[in-house]
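# Tertiary structure, described
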Amino acid sequence: MTIKKSVCVLGVTGSVGSSTVDILKAHSDKYAVDAVTAHRNVQGLAKAAIELGAAMAVIADESLYEDLKSALSGTDILVAAGDEALVEAASRPSDIVIAAIIGAAGLKATLAAIRRGARVGLANKETLVCAGDLMMAEVAKYKATLIPVDSEHSAIFQVLEQKSVDKVDRILLTASGGPFREWSLDDMKSVSPKQAMAHPNWDMGAKISIDSATMMNKGLELIEACRLFPVPEERIEVVVHPQSVVHSMVEYSDGSVLAQLGSPDMRTPIAYALSWPERIRVDVARLDFATIGQLNFTAPDMKRFPALRLAREALRAGGTVPTVLNAANEIAVGAFLDGKLTFLQIAETVERMMNRIAASPLRDLDQMFDLDDMIRRETLGLIKTGL
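Let me begin by describing the structure that accompanies this report. (Residues numbered from 1 in each chain as written. Predicted model: local features only at pLDDT ≥ 70, side-chain atom pairs only at ≥ 80, totals over all residues. Heavy atoms only, no water.)

## Concerning the sheet that holds strand E3 (residues 56-59)
Taking strand neighbours across the sheet as the criterion, the 7 strands line up as E4-E3-E2-E1-E5-E6-E7 in an open arrangement whose pairing is parallel. Every interior strand has two partners, whereas the edge strands, strand E4 (78-81) and strand E7 (145-148), have only one. Along the sheet, successive strands turn relative to each other by an average axial angle of 20 degrees, direction set aside. Sheet topology places strand E5 (residues 96-99) next to strand E6 (residues 119-122); 4 bridges connect them, and they run parallel. Across the sheet, residue Ala 99 finds its bridge partner in E6, namely Leu 122. Sitting on the sheet, helix H2 (residues 42-52) touches strand E2 (31-38) and E3, and the angle it makes with E2 is about 170 degrees. (Pairing = 2+ DSSP bridges. Helix = DSSP H or I, 4+ residues; strand = E, 2+ residues; numbered from the N terminus. Axes fitted to C-alpha atoms, helices over the stretch in contact; angles between N-to-C directions. Contact = heavy atoms within 4.5 Å.)

Here it is in structure tokens:
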């Protein structure tokens, strides 16, 4: 008899979480779900908890506790709410934690999973952006296993030969270029949130879709790649690949370039994080190379997409600067979605905050959380008073 792996899904109602639900339902003979969480989507959380037979459901917004309790009445599912309950869900003895809470809000729960030595399928890139060195030190200390869920980092993880990391010449992160890949700066001045969220290849949530449109998402992935893989920043490059078929590449010293290819579907990297080191079947569209015809690659335009430049500058500066970059960006993206900033002002806001806050060493996670809170408040103030 197959012994099922127990799974906790942090952020079960988002795009990554929903894809995870599809896989867990398709492979219910292999996985049992212990806990699921969501931010405010009570009905989506309740539906997922019931469908997956979860033991526990947590809503982050404490004011929605009674709503969730009502939605799950008549079941044996344990109901909880609040930030401490999110940490409790991640601290339960599940074998695998899929960390899919968007933004810095998912950091504490992800850390709790790491500190009990769990396997963590990491879809929350902000965890490594804000406190990468500290988090990786915790991974090593508690002997946790970190499996990247981002399609690009999953691709690198799959083709990086562990016995040959000293022979890696370059890592090539691919980027779709987003919906405005060929737009001029003048055209982008009047971009609406609806236009920015209309990604040509991927079906994602609002925040990550906006980040993809500004290319900040690729900047965050650049920082994340430096934390995950033993390759220095100057040897990690970004290349625009509109088809989103090649998910990333590793070039070795003998000139060989190994790439992972697949349809643009998050279920593939999620399934690998769940099944590693083995593979499970996923019913995603198969590549038809004759139909694809050609694969194109170009260098990114730093003038039209300054967010990528800002991320590399933050990575080189190190210390607290990536935390500033991430927190300011999260607030700026929210302001754009609320109609308080223009599309081009997102990167402008981030750059102003990076210039305003002096860089310093990042000593511990408490300092990082305090800085994150402060940057969010100051960024809101900057937006309120006008750029």
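Having seen the structure, we can now continue with the description.
## A few points about the sheet that holds strand E10 (residues 246-252)
With mixed pairing, the 4 strands of this open sheet are ordered in space as E9-E8-E10-E11. Taken across any chain shown, the strands that pair with only one partner, and hence form the sheet edges, are strand E9 (236-240) and strand E11 (257-261). Strand-to-strand, the axes of this sheet are offset by a mean angle of 20 degrees, without reference to chain direction. In terms of strand pairing, E10 meets E11 through 5 bridges, oriented antiparallel. Residue Glu 251 lies in a different strand from E11, and its bridge partner there is Val 257.

## Focus on the pairing of E2
Of all 8 residues that make up E2, 7 are buried, and the element is covered over most of its length. Bridge count between strand E1 (residues 5-10) and E2: 6 bridges; the pairing is parallel. Along E2, the bridge assignment pairs Lys 5 with Tyr 31. At this point the chain moves from E1, through helix H1 (residues 15-26), to the parallel E2, and the crossover so formed is right-handed. Strand direction decides the pairing type here: E2 and E3, joined by 4 bridges, are parallel. Residue pairing across strands places Val 36 opposite Ala 57, the latter belonging to E3. (Buried < 20%, exposed > 50% of the residue type's maximum accessible area, 1.4 Å probe, protein only. Right-handed = clockwise from strand over helix to strand, strands pointing away.)

## Quick look at unusual backbone geometry
Geometrically, the link from Trp 276 to Pro 277 is a cis peptide bond, its omega value of 5 degrees lying close to zero. Located in the positive-phi region is Lys 143, a residue other than glycine, with phi close to 55 degrees. Residue position: Lys 143 is located in the loop between helix H6 (126-141) and E7. Of note in this structure, Ser 244 is not a glycine but carries a positive phi near 55 degrees. Residue classification places Ser 244 among the buried positions, given a relative accessible area of 5%.

## Side note on the environment of Ala 46
Tracing the sequence through the fold places Ala 46 in helix H2. For the pair formed by Ala 46 and Ile 59, sequence separation is 13 residues and the distance between their alpha carbons is 9.6 Å. Excluding its chain neighbours within four sequence positions, the residues that come into contact with Ala 46 are Leu 68, Ala 71 and Leu 72.

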